[in-house]
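Chain by chain, the residues:
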Amino acid sequence: MQACYLPVPSWRPEEQGPGRLATVSVEREKQVAAEAAAQLVEDGMAVGLGTGSTVAYMLPALARRQLSIRCVATSPHTEKAARDLGLDIEPLGDIDHLDVTIDGADQVAPDGWLVKGGGAAHTREKIVAALARSFIVIVDSTKPVSALHAPIPVELLEFGLQATMRRIEPATLRDMPKSPDGGIIADYQGAVGDPADLAAWLSATPGLVEHGLFPPALVAMVLIGRGESVEQRVLR
Ligand code: 5RP
């Protein structure tokens, strides 16, 4: 991956309100990465909107630009937040391609493999990422890792759940509601090794709807907030 740094507008500590410590935090890193990504969207584009706290910073930055764009959301939460900001959200069925999808990630490997699904939206997120000409990932500096590791989120069919869980042992069920598509959310807790091998094995497991391993071939660019700067890693 090629890496370079993007200039971002300076941030004044006093904007955070009186009495607040002027620390450059992980939240600020999410924000600078998210705002840099929002700048890459152009008028007339069809845009996929991911899910999570980093995307939550991207939505107002995108809405402020008042572009004429059509958007698809990867979760009911993102859909509501985007609509509340005045963004035009359309059903995925009404859009045959996306120019860009912008989403967060839980882990980013040096070769561009991702783990996603901390927010349990990875099934829809993978569909929307794969539809985009350019998939841009936005993360703070805690997300790059030297090698991917568990937990790896998975979405499972309810039918045969116990059998599927046994097949992917060690795995844990998440204590949370079903996905918007009726799936059960769990996490594979075993060794990752080669992500391509694990991704292929999980994909071939009966009853497993989708897993949170995203291959580098899906990813165009990773924007990493580092303090007040944004590191840009271009994959293709
Ligand atoms: C949701 C995701 C999120 O993009 C991922 O968990 C990162 O979230 P955050 O930006 O809150 O750290 O994959 O399913």
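The rules behind these values
- Residues numbered from 1 in each chain as written.
- Predicted model: local features only at pLDDT ≥ 70, side-chain atom pairs only at ≥ 80, totals over all residues.
- Pairing = 2+ DSSP bridges.
- Helix = DSSP H or I, 4+ residues; strand = E, 2+ residues; numbered from the N terminus.
- Axes fitted to C-alpha atoms, helices over the stretch in contact; angles between N-to-C directions.
- Contact = placed C-beta atoms within 7 Å.
- Near = placed C-beta within 6 Å.
- Nonpolar A, V, L, I, M, F, W, Y, C, P; charged D, E, K, R; others polar.
- Parallel < 35°, antiparallel > 145°, perpendicular 65-115°, else oblique.
- Left-handed = near helix turned anticlockwise from the far one by under 90°.
- Buried ≥ 20, exposed ≤ 12 C-beta atoms within 10 Å, placed from the backbone.
- pLDDT = per-residue confidence, 0-100.

1. Let's talk about the sheet that holds strand E5 (residues 107-108)
The strand order E5-E6-E12 describes an open sheet built from three strands, whose pairing is antiparallel. Strands with a single pairing partner mark the edges of an open sheet, and in this sheet they are E5 and strand E12 (213-214). Pairing between strand E6 (residues 114-115) and E12: two bridges, direction antiparallel. When the sheet's bridge partners are listed, Leu114 is paired in E12 with Phe214.

2. Thoughts on the sheet that holds strand E11 (residues 208-211)
Here four strands make up an open sheet; going across it, the order is E9-E10-E8-E11 and the pairing antiparallel. The sheet terminates laterally at strand E9 (171-173) and E11, the two strands that pair on one side only. Strand-to-strand, the axes of this sheet are offset by a mean angle of 30°, without reference to chain direction. Along the sheet, helix H4 (residues 122-130) contacts strand E8 (152-156) and E11; its crossing angle with E11, the most-contacted strand, is approximately 65°.

3. What to know about the site of the ligand
Near the ligand there are 17 residues, and of these Gly52, Thr54, Gly104, Gly118 and Gly119 occur at the shortest range. When the residues that make up the shell around the ligand are grouped by side-chain class, the tally is three nonpolar, 10 polar and four charged.

4. What to know about the packing of helix H1 (residues 26-38) against helix H2 (residues 53-64)
Orientation of H1 relative to H2, taken along the N-to-C sense of each, is 45°, at an axis distance of 8 Å. On the basis of their axis angle, the class for H1 and H2 is oblique. Judged by the sense of rotation from one axis to the other, the crossing of H1 with H2 is right-handed. Packed against H1, whose contacting residues are Lys30, Gln31, Ala33, Ala34, Glu35, Ala37 and Ala38, the element H2 presents Ser53, Thr54, Tyr57, Met58, Ala61 and Leu62 at the interface.

5. A look at the pairing of strand E4 (residues 98-103)
For E4, a buried count of five out of six residues is recorded, marking the element as mostly surrounded by other parts of the structure. For strand E2 (residues 46-49) and E4, the ladder comprises three bridges, and the chain directions are parallel. Residue pairing across strands places Leu49 opposite Ile102, the latter belonging to E4. Examined bridge by bridge, E4 and strand E7 (residues 132-140) share five bridges and lie parallel to one another. By the bridge assignment for E7, Val100 is matched with Ser134.

6. Things to note about the confidence of the model for the chain
When the pLDDT values of the chain are averaged, the result is 92; 90% of them are 70 or greater. Within the chain, the element-level pLDDT minimum falls on strand E1 (residues 2-6), averaging 59, and the maximum on E12, averaging 99. Here residues 9-23 is a poorly scored stretch, pLDDT under 50, and it has four contacts once near neighbours within four places are set aside; other chains count.

7. A closer look at unusual backbone geometry
Going from Ala150 to Pro151, the amide bond is cis rather than trans, its omega being 5°. One can find Pro151 in the loop between E7 and E8. Following Glu169, the chain continues into Pro170 via a peptide bond in cis, with omega recorded as -5°. Mapped onto the elements, Pro170 comes out in the loop between helix H5 (161-167) and E9. For Gln66, which is not glycine, the phi torsion reads 50° and is therefore positive. Tracing the sequence through the fold places Gln66 in the loop between H2 and strand E3 (70-73). The phi dihedral of Ala120 is positive, around 70°, even though this residue is not glycine. Looking at the secondary structure, you find Ala120 in the loop between E6 and H4.

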